[in-house]
Amino acid sequence: MIAAHLTLGYLYYELGFYREAMKHFAKIPSDDPVYNDALLGQSWAAIKLNDYQQAIITLNELLKQTDEDKYTEEAHFLLGQCYLELGLYDFAINEFDFIVQQYPGTNNIEARLEHVEAGLVEQAKQAEKLGLDLLVLESKLLDMLPLATNGDIPKYILEEKKRLEKTREKLMKNILEEREIFEEFQWSIMKIREEMELKRRRKHWRAYAEYGKARAYFLKSMQRNR
């Protein structure tokens, strides 16, 4: 049911029904794993309604809840935007400056990300090979069906049966080890891709923050000259 509220919140937001979206986001309890996503969604909906004070409340709550970059960068930027709209230019500058200082620009980030992406392609190929190796091992294990033990069995068959059982046990062990390596490998690739996406987003948030900071200084100077 909680997941349904988050999904409905996103749907209503995309359809432009921001008040309905906020109602669903607000129904998610603070001890739920998606609470931070709900706070961020609620903040965006409040901003769309020009309810900047409410957005500031939920964004500050989000910053109290987490220090994960994927939330904090966006939260500080949105806080800057809210303060900017309310004419609180010094507060806005502080929020934008936080992003600029906390996440300094990196040289040639796109070229470095492309290099990492090329490495990930090779890693994905290795993961695919690991998956195929696992299938081969599992098919070998299936081929080793247990031999019947009814009635009198010649000694050489019993010995062959013992040999097959040992081989099967060894294969099973190899499969479990390969499966663990395969899953860890897949997880590593996923985490690297998430980190790359975060770096790309960080570059954009920094650019937005620099523009917001310049705009806040400009509006502040205009206010002073009136």
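Look up: the structure comes first, before these words.
Residues numbered from 1 in each chain as written. Predicted model: local features only at pLDDT ≥ 70, side-chain atom pairs only at ≥ 80, totals over all residues. Heavy atoms only, no water.

Student: Give a detailed account of a nonpolar patch on the surface, specifying residues and quantitative values.
Tutor: On the surface, a nonpolar cluster with roughly 260 Å² of combined accessible area is contributed by L86, L88 and F91. One can find F91 in helix α6 (residues 89-102). On the basis of relative accessible area, F91 is assigned to the partly exposed category, the value being 49%. (Patch = residues over 30% accessible without salt bridge, like charges linked within 9 Å, V, L, I, M, F, W, Y side chains within 5 Å. Areas by Shrake-Rupley, 256 points an atom, 1.4 Å probe, with all protein chains shown as cover. Salt bridge = Lys/Arg side-chain N within 4 Å of Asp/Glu carboxyl O. Helix = DSSP H or I, 4+ residues; strand = E, 2+ residues; numbered from the N terminus. Buried < 20%, exposed > 50% of the residue type's maximum accessible area, 1.4 Å probe, protein only.)

Student: So, the side chain of S43: which residues are in play, and what are the values?
Tutor: Relative to the helices and strands, S43 is located in helix α3 (residues 35-48). For S43, the side chain forms a polar contact with the side chain of T58, separated by 2.7 Å. When residues no more than four places from it in sequence are discounted, the contact partners of S43 are A55, T58 and L59. (Polar contact = N/O pair within 3.5 Å; in protein donor to acceptor, adjacent residues only side chain to side chain. Contact = heavy atoms within 4.5 Å.)

Student: Describe unusual backbone geometry, and please don't skip the residues or the numbers.
Tutor: In this structure, N50 is a non-glycine residue whose phi angle is positive, near 60°. With respect to the element layout, N50 can be found in the loop between α3 and α4 (52-65).

Student: Before we move on, could you go through the packing of aromatic side chains and cite the residues and values that matter?
Tutor: Summed over all chains, the structure comprises five aromatic pairs. Look at F77 and F96: their rings are 5.8 Å apart centre to centre, the planes differ by 50°, and that puts the pair in the tilted class. Of this pair, F77 sits in helix α5 (residues 69-85) while F96 is found in helix α6, placing the two residues 19 residues apart along the sequence. For the pair F77 and F96, a shared accessibility class is recorded, and that class is buried. Look at Y83 and F91: their rings are 5.3 Å apart centre to centre, the planes differ by 35°, and that puts the pair in the tilted class. (Phe/Tyr/Trp six-rings, centres within 6.5 Å; stacked < 30°, edge-to-face > 60°.)

Student: I'd like a rundown of helix α2 (residues 18-26), residues and numbers included.
Tutor: All buried positions along α2 are accounted for by A21, M22, H24 and F25. Angular distribution of buried residues about the axis of α2 spans 165°; they occupy a single face of the element. Among the exposed residues of α2, those pointing more than 90 degrees away from its buried face are R19 and K23. (Arc of directions from axis to C-beta.)

Student: Can you tell me about the packing of α3 against α4, naming the residues and giving the values?
Tutor: At a closest axis distance of 8 Å, the pairing of α3 and α4 adopts a crossing angle of 160°. The orientation of α3 relative to α4 falls into the category roughly antiparallel. Helix-helix and strand crossings are classified by hand; for α3 and α4 the assignment is left-handed. Across the interface between the two elements, Y35, N36, L39, L40, Q42, S43, A46 and I47 from α3 touch Y52, Q54, A55, T58, L59, E61, L62 and Q65 from α4. Its residues placed into classes, the contact of α3 with α4 shows nine nonpolar, six polar and one charged. (Axes fitted to C-alpha atoms, helices over the stretch in contact; angles between N-to-C directions. Parallel < 35°, antiparallel > 145°, perpendicular 65-115°, else oblique. Left-handed = near helix turned anticlockwise from the far one by under 90°. Nonpolar A, V, L, I, M, F, W, Y, C, P; charged D, E, K, R; others polar.)

Student: Residues and numbers for α4, please.
Tutor: Under the 1.5 Å per step criterion, the end-to-end length of α4 is 20 Å for 14 residues, consistent within 8% with the ideal 20 Å. Here α4 has its buried residues at Y52, A55, I56, T58, L59 and L62. Residues of α4 that are buried sit in contact with α3 and α5. (Expected span 1.5 Å × (residues − 1).)

Student: Please give an account of the packing of α3 against α5 that cites residues and values.
Tutor: The geometry of α3 relative to α5 is characterised by a closest axis approach of 11 Å and an angle of 20° between their N-to-C directions. Of the possible angle classes, the one that applies to α3 and α5 is roughly parallel. Classified by chirality, the crossing of α5 by α3 is left-handed. Facing N36, D37, L40, W44 and I47 of α3, the residues of α5 in contact are Y71, E74, L78 and C82.

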